[in-house]
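Spelled out from the first residue to the last, the chains are:
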Amino acid sequence: MHVCLLPIEILLHIFAIYKDWNAKHCVTLAALARTCRKFKEPALDILWKDINGFEPLILCLPEGVSNKNVLGKLTLKRPLVNGEWELLYQYARRIHSFRVLPDELDMIDDRVMQSLISAPLPTPLLPNLRSLRWYDGQGHYLPLLCTLLGSTSITFLRLGSMWAPSFANSALLASLGARCPSLRELHCACGGDSEGSEDAIFEALCSLRGLSRLGARVFNTRELLRLASLPSLKYLDLDLRAYNINGTPSNSTPTNFSQLNQVHITALSLSVVNHCLNNVHFPSCQSVWVHFDCIDEDDDPGVLHDPWDIPDLIVSLSECFSPALEELRFIFDPDFEFTSEENTLVNPSFALDFNMIAPLLSFSRLTDVQLDWMCTLAID
């Protein structure tokens, strides 16, 4: 059979493999879209499926509509007319995954933003958007983010770590239940700017009945307790790097995350994990990753933690997780090749003996254990 007679589904598969193999092949796919009617639609669908920034859309406009201003930013000479919006939509409707970095926003000026947020389209700007990654934390571009969140088809949303607590950001997060009813996975490093804002955000999360994967920055035990009541969570990524161990009382109320299958914890020290997980239980969890991000701009990266926290952490994990656990991994940063503590590796306090890891025997289904750099030579 001639290639031109192949079904569209097969052409899409071939073109996707071709693009993934080498990003430079986008030029070839663009040529296919221009030279063969049979190839045009599937080639354009693959070319526009994953887009970074707004510049590709603006550059699709006819010559003379856009140019660079004196600062080198992409701008519009005039407002767009109906025919130009229809042209823009022909490409925008193909976008399924959209990523925005701060540098990419710096490439457009306010005229572009003002035009995009006032688009006279009967549907959202990106009507078939499935995945949105927004890594800019400036409130200046918040209206543009709100415009993108008008796509009710979004199932994945990541708001980067540059987000800072503010009323505007809290208002946006509190509206996610209405804006993104199909959301299945959310990663957000920003909490509310007040207790009232946190209440509103949490209510919005509870309304997302299909939300099964959540990544959140937790500042205290109160916020952790709230997450336990989210109805459909299967995966929880806890960022404890801003957790206030000194200003937060230890949890005295037994808390069950009965529905979780996977837990990923990131913290600055073992003591933070011990404090946060006190009286917290994960009866159905099968996989746990504990990542210690020991590098802090004000700290010496060579000082990792008190070695006596290790057995306490293992005991804590054995109390938090049930025998259903199958995978347990510890990840420590930085690697020792960068540490300033030359004697750390030869310090016997960092060598685990049998008594230290004995609590792990309660996990009868445990088949995958990775302890990173921790020395196990003393274990018989």
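Please read all numbers here as calculations on a predicted model, not as lab measurements.

Caption draft 1: Here's a closer look at the pattern of salt bridges. Summed over all chains, the structure comprises 12 salt bridges. Across the salt bridge formed by Arg99 and Glu104, the nearest N and O atoms sit 3.6 Å from each other. Judged by its relative accessible area of 29%, Arg99 is partly exposed. Measuring nitrogen to oxygen at the nearest pair gives 2.9 Å for the salt bridge that ties Glu327 to Arg329. Under the relative-accessibility criterion, Glu327 is labelled buried at 17%. Using a relative accessible area of 18% as the deciding quantity, one classes Arg329 as buried. Among the ionic contacts, a cluster of salt bridges with common partners joins Glu41, Asp45, Arg93 and Arg94.

Caption draft 2: A look at the packing of aromatic side chains. One pass over the full model with this rule turns up four aromatic pairs. Pairing Trp48 with Tyr91 gives two aromatic rings, centres 5.1 Å apart and planes at 40°, and the pair type is tilted. Here Trp48 is found in the loop between helix H3 (37-47) and strand S1 (50-52), whereas its partner Tyr91 is found in helix H5 (residues 82-92), with 43 residues between them in sequence. Judged by relative accessible area, which is 21%, Tyr91 ranks as partly exposed.

Caption draft 3: View of the state of the cysteines. Tallying each qualifying case throughout the model produces zero disulfides. Lacking any disulfide linkage, Cys276 is separated from the closest cysteine sulfur, that of Cys320, by 9.0 Å.

Caption draft 4: Quick look at the sheet that holds strand S13 (residues 287-293). One open sheet holds the 11 strands; their spatial order is S1-S4-S5-S6-S7-S8-S9-S11-S13-S14-S15, and the pairing between them is parallel. Two strands close off the open sheet at either side, each with one partner strand: S1 and strand S15 (368-370). Averaged over neighbouring strand pairs, the angle between their axes works out to 10° when direction is ignored. Two strands pair when backbone bridges link them, and strand S9 (residues 235-239) and strand S11 (residues 262-267) are joined in this way by five bridges, in the parallel orientation. Considered in S11, the bridge of Asp237 is made with His264.

Caption draft 5: Seen up close, empty space enclosed by the protein. In this structure the tally under the stated criterion is one cavity of 30 Å³ or more. Here the largest cavity defines a volume of roughly 300 Å³. Every element with two or more residues in the lining of the largest cavity is listed here: strand S7 (185-188), helix H11 (195-207), strand S8 (213-217) and helix H12 (221-227). Considering only residue class, the lining of the largest cavity consists of 12 nonpolar, three polar and four charged.

Caption draft 6: Examining the nonpolar core more closely. In terms of nonpolar packing, the biggest core is built from 99 residues, with Phe54, Phe98, Trp134, Phe282 and Phe321 touching the most fellow members. In terms of residues, this core owes the most to one element, helix H14 (residues 309-320), which gives five residues.

Caption draft 7: Broad picture of the pairing of S11. The buried fraction of S11 is high, at five of six residues. As paired strands, S11 and S13 are joined by six bridges and run parallel to one another. From the neighbouring strand, Ile265 faces S13, where its bridge partner is Val290.

Caption draft 8: Spatial organisation of the environment of Pro7. Summarising the element assignment, Pro7 is placed in the segment before helix H1 (8-21). A C-alpha to C-alpha distance of 9.7 Å links Pro7 and Lys38, two positions 31 residues apart in sequence.

Caption draft 9: Fine view of the packing of helix H9 (residues 167-174) against H11. Where H9 contacts H11, the two axes come as close as 8 Å, and the packing angle between them is 25°. Of the possible angle classes, the one that applies to H9 and H11 is roughly parallel. In this structure, the crossing between H9 and H11 has a hand that is left-handed. The residues of H11 that touch H9, namely those facing Ser170, Leu173 and Ala174, are Ser197, Ala200, Ile201 and Ala204. Class assignment of the residues belonging to the contact of H9 with H11 gives a composition of five nonpolar, two polar and no charged.

Definitions and cut-offs
Residues numbered from 1 in each chain as written. Predicted model: local features only at pLDDT ≥ 70, side-chain atom pairs only at ≥ 80, totals over all residues. Heavy atoms only, no water. Salt bridge = Lys/Arg side-chain N within 4 Å of Asp/Glu carboxyl O. Buried < 20%, exposed > 50% of the residue type's maximum accessible area, 1.4 Å probe, protein only. Phe/Tyr/Trp six-rings, centres within 6.5 Å; stacked < 30°, edge-to-face > 60°. Helix = DSSP H or I, 4+ residues; strand = E, 2+ residues; numbered from the N terminus. Disulfide = S-S within 2.5 Å. Pairing = 2+ DSSP bridges. Axes fitted to C-alpha atoms, helices over the stretch in contact; angles between N-to-C directions. 1 Å grid on protein atoms, 1.4 Å probe; cavity = no way out; pocket = protein on both sides within 12 Å on 5 of 7 lines; lining within 4 Å. Points joined across faces, edges and corners; volume = space filled by probe spheres on them. Nonpolar A, V, L, I, M, F, W, Y, C, P; charged D, E, K, R; others polar. Core = buried A, V, L, I, M, F, W, Y, C linked by side-chain atoms within 4.5 Å. Parallel < 35°, antiparallel > 145°, perpendicular 65-115°, else oblique. Left-handed = near helix turned anticlockwise from the far one by under 90°. Contact = heavy atoms within 4.5 Å.

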